[in-house]
Amino acid sequence: MLQEYPNTQLFLNGEWRDSLSKETLEIINPATEEIIGKLAHARKDDLDIALNAADTAFKDWKNVSAYDRSKILRKAAEIIRSRVGLIAGLMTLEQGKPLAEAKGETLGAADSIDWYAEEGRRAYGRIIPARAQGVYQFVFKEPVGVVAAFTPWNFPLNQVVKKVAAAFAAGCTVIIKGPEETPASVAELIKAFNEAGMPKGSINLVFGIPAEISEYLISHPIVRKVTFTGSTAVGKQLASLAGTHMKRATMELGGHSPAIVCADADVNVAVKILSANKFRNAGQVCISPTRFLVHESVYDQFVEGFVKSAESLNVGNGLDEGINMGPLAHDRRLTAIEGFVADAVEKGAKILTGGKRKGNKGYFFEPTVMTDVSKDSRIMNEEPFGPLAPINSFSSIDEVVEEANRLNYGLAAYAYTNSAKTAQHLGAAIESGQVSINHHGLGLVDTPFGGVKDSGYGSEGGPEGLDAYMTTKLVSQTGL
Ligand code: NAD
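Residues numbered from 1 in each chain as written. Predicted model: local features only at pLDDT ≥ 70, side-chain atom pairs only at ≥ 80, totals over all residues. Heavy atoms only, no water.

1. A word on the packing of aromatic side chains
Tallied over the entire structure, the rule returns eleven aromatic pairs. When the centroid spacing of 5.7 Å and the interplanar angle of 85 degrees are considered together, the rings of tryptophan 153 and phenylalanine 385 count as edge-to-face. Placement of tryptophan 153 in the loop between β7 (146–150) and α5 (158–170) and of phenylalanine 385 in the loop between β15 (368–371) and β16 (388–394) is noted, with a sequence separation of 232 residues between them. Judged by its relative accessible area of 15%, phenylalanine 385 is buried. Plain terms: the ring middles of phenylalanine 279 and phenylalanine 306 are 6.0 Å apart, the flat faces sit at 50 degrees to each other, and that makes the pair tilted. In this pair, phenylalanine 279 sits in helix α9 (residues 267–279) while phenylalanine 306 sits in helix α10 (residues 299–311), placing the two residues 27 residues apart along the sequence. Accessibility assignment for this pair places phenylalanine 279 and phenylalanine 306 in one class, buried. Chaining the aromatic ring pairs together yields one cluster made of Phe279, Phe292, Phe302 and Phe306. Its guanidinium or amino end placed over the ring of phenylalanine 449, lysine 162 lies 6.0 Å from that ring's centre, counting from NZ or CZ. In this structure, lysine 191 packs its charged tip against the face of tryptophan 16, placed 6.0 Å from the ring centre. (Phe/Tyr/Trp six-rings, centres within 6.5 Å; stacked < 30°, edge-to-face > 60°. Helix = DSSP H or I, 4+ residues; strand = E, 2+ residues; numbered from the N terminus. Buried < 20%, exposed > 50% of the residue type's maximum accessible area, 1.4 Å probe, protein only. Lys NZ or Arg CZ within 6 Å of the ring centre and 35° of its normal.)

2. Let's talk about a negative patch on the surface
On the surface, Glu296, Asp398, Glu399 and Glu402 cluster together into a negatively charged patch. Within the element layout of this structure, glutamate 399 appears in helix α12 (residues 397–404). (Patch = residues over 30% accessible without salt bridge, like charges linked within 9 Å, V, L, I, M, F, W, Y side chains within 5 Å. Areas by Shrake-Rupley, 256 points an atom, 1.4 Å probe, with all protein chains shown as cover. Salt bridge = Lys/Arg side-chain N within 4 Å of Asp/Glu carboxyl O. Lys, Arg positive; Asp, Glu negative; His and termini not counted. Charge placed at Lys NZ, Arg CZ, Asp CG, Glu CD.)

3. Some details on the domain arrangement of the protein chain
Parsing the protein chain into structural domains produces domain 1 (10–253 + 455–475) and domain 2 (257–445). The C-alpha centroid of domain 2 is placed 30 Å from the C-alpha centroid of domain 1. Contacts between the two partners involve 29 residues from domain 1, matched on the other side by 31 residues from domain 2. Interface area, domain 1 with domain 2, both sides summed: about 2300 Å², of which 56% is carbon and sulfur. Interface area lost by domain 1 to domain 2 is led by Glu33, Trp153 and Ser455, which between them contribute 24%. (Domains from an automatic or database assignment. Contact = heavy atoms within 4.5 Å. Buried area = accessible area lost by both parts, 1.4 Å probe.)

4. A look at the sheet that holds strand β20 (residues 470–478)
The three strands lie next to each other as β5-β6-β20, forming an open sheet whose pairing is antiparallel. What marks the edges here is a single partner per strand, and that holds for β5 (126–128) and β20. Between one strand and the next, the sheet's axes are offset by a mean angle of 25 degrees, whatever the strand orientation. Sheet topology note: the strand β6 (residues 135–143)/β20 ladder contains nine bridges and is antiparallel. (Pairing = 2+ DSSP bridges. Axes fitted to C-alpha atoms, helices over the stretch in contact; angles between N-to-C directions.)

5. What to know about the site of the ligand
Around the ligand there are 24 residues in total, and Trp153, Gln159, Ser214, Arg332 and Glu383 lie nearest to it. A distance of 3.2 Å separates an oxygen atom of the ligand from a polar atom in the side chain of serine 231. Interatomic distance of 2.3 Å between a side-chain N/O atom of glutamate 383 and an oxygen atom of the ligand. Burial of the ligand by the protein amounts to 86% of the accessible area it has alone, namely 790 Å². Breaking the shell around the ligand down by element, the ones donating at least two residues are α7 (210–219), β10 (223–229), α8 (232–244) and α11 (331–346). The element contributing the most residues to the shell around the ligand is α7, with three residues. In the shell around the ligand, the residues fall into ten nonpolar, eight polar and six charged. Here the shell around the ligand spans two domains, and each of domain 1 (10–253 + 455–475) and domain 2 (257–445) adds at least three residues to it. (Near = heavy atom within 4 Å. Polar contact = N/O pair within 3.5 Å; in protein donor to acceptor, adjacent residues only side chain to side chain. Nonpolar A, V, L, I, M, F, W, Y, C, P; charged D, E, K, R; others polar.)

6. Some points on the packing of helix α2 (residues 66–82) against helix α6 (residues 183–196)
When two helices pack together, their arrangement is given by the angle between the helix axes and by the axis-to-axis distance. As a packed pair, α2 and α6 sit with axes 8 Å apart at the nearest point and diverge in direction by 130 degrees. Classified by the interaxial angle, the pair formed by α2 and α6 is oblique. Every pair of crossing elements has a handedness; the one defined by α2 and α6 is right-handed. In this structure, α2 uses Ile72, Leu73, Lys75, Ala76, Ile79 and Ile80 to contact α6, whose residues at the interface are Leu189, Ala192, Phe193, Glu195 and Ala196. The residue inventory of the contact of α2 with α6, partitioned by class, reads nine nonpolar, no polar and two charged. (Parallel < 35°, antiparallel > 145°, perpendicular 65-115°, else oblique. Left-handed = near helix turned anticlockwise from the far one by under 90°.)

Rendered as structure tokens:
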């Protein structure tokens, strides 16, 4: 083992502490199934401490200048960079992804903080010309208030940082309900913010029973903004609760990304980029390419290349040298993925490679490629969130656009074509929050990221991600 795995406490009002009830949850290494640590489990009285702390801290933090907030955020980014080995090691132990991916995510988190440190200084309002002389109409951007953020386990740092860095840059304070499966790397992120000088109470970290915590925080009057990343089913529940209590909300939910390969595409490039992104993080990525739709004239070439690429992957413990794909993050995923495969096969799919659990220790699943997948099989309709690649063929652009838009998801879509006209058509016709053509260009902090339809609403990343934590106020005055 690279390092000891620590127990994780709650961070409440500037202090690391056990929950008042002393309850804990166990953390399991998905590569070995060993219990590696414990996690403090918050109940309502712990949440009350977090709520009051965030409320008190907001009164000061909102008045700190954007310039000074920026300095603290930049320092946090530096601390994270200086601890990349430690943080990435913890992430691989608790989440399973290969160490190189965990390092990339850690450095990416530091970059995201730097970006929002700067963007917070550009939260411009405006002056609107008035209808009468002597009237001045000012538009101000103000921080929305205390934020409740709910983040999942697939990118333990990235999912938190896009919310927290933007919220802090805007002048908000935060209570994070972190992922119970992967708490230690998140705790390192919070430590970095704290050591960089975030005021006491401005950042609070809790874990526990997700539904219990979300119900309490979202309905609490102190919380003014809700932000959630996770499944569509849970997102709908949280969005409706936020609506009942008239809270601003950002919902980053599930996806089912079509990946279209046209007759005129560079098939080798498509295979290389799409297979790398299919199996990244064992497919547990909301923008993972999911429905592969390949023109019949290049279908055999694409399938052959994709199978070769899947078979070349080294699946194993993410801490070992040369591993390209780790285990699934927890046992629920293993059961779910086995269910998707069994259902597809029952409905006529052919498994060209993979299709089953790898070994019997650790939640490993083979990179899987299947063809002839019936449109009514579960994998063609529900988010699989695992290393499964169903590949079907199409014969016309109209047909493939109809298939791409068939589902109620609309998070990401991919297309490969050498025709500028087809690229333009697909970019316009596909109903999706983002479309990436001839490369994988999504999820950078500089650009907005968000879904349409059942994939949610609101954006993270880009100026839109900052705006999500700000309200707009008009002050109209005379007498200057
Ligand atoms: P899950 O639905 O039980 O949990 C998904 C995430 O939501 C977890 O982080 C969980 O803690 C949180 N959650 C669940 N119920 C909640 C509630 N009532 N209030 C607040 N948070 C709640 O599923 P899972 O088995 O952990 O993950 C599987 C599914 O989750 C996947 O199929 C995928 O659709 C979705 N997921 C999506 C993302 C993403 O990046 N969009 C990330 C992780 C999981």
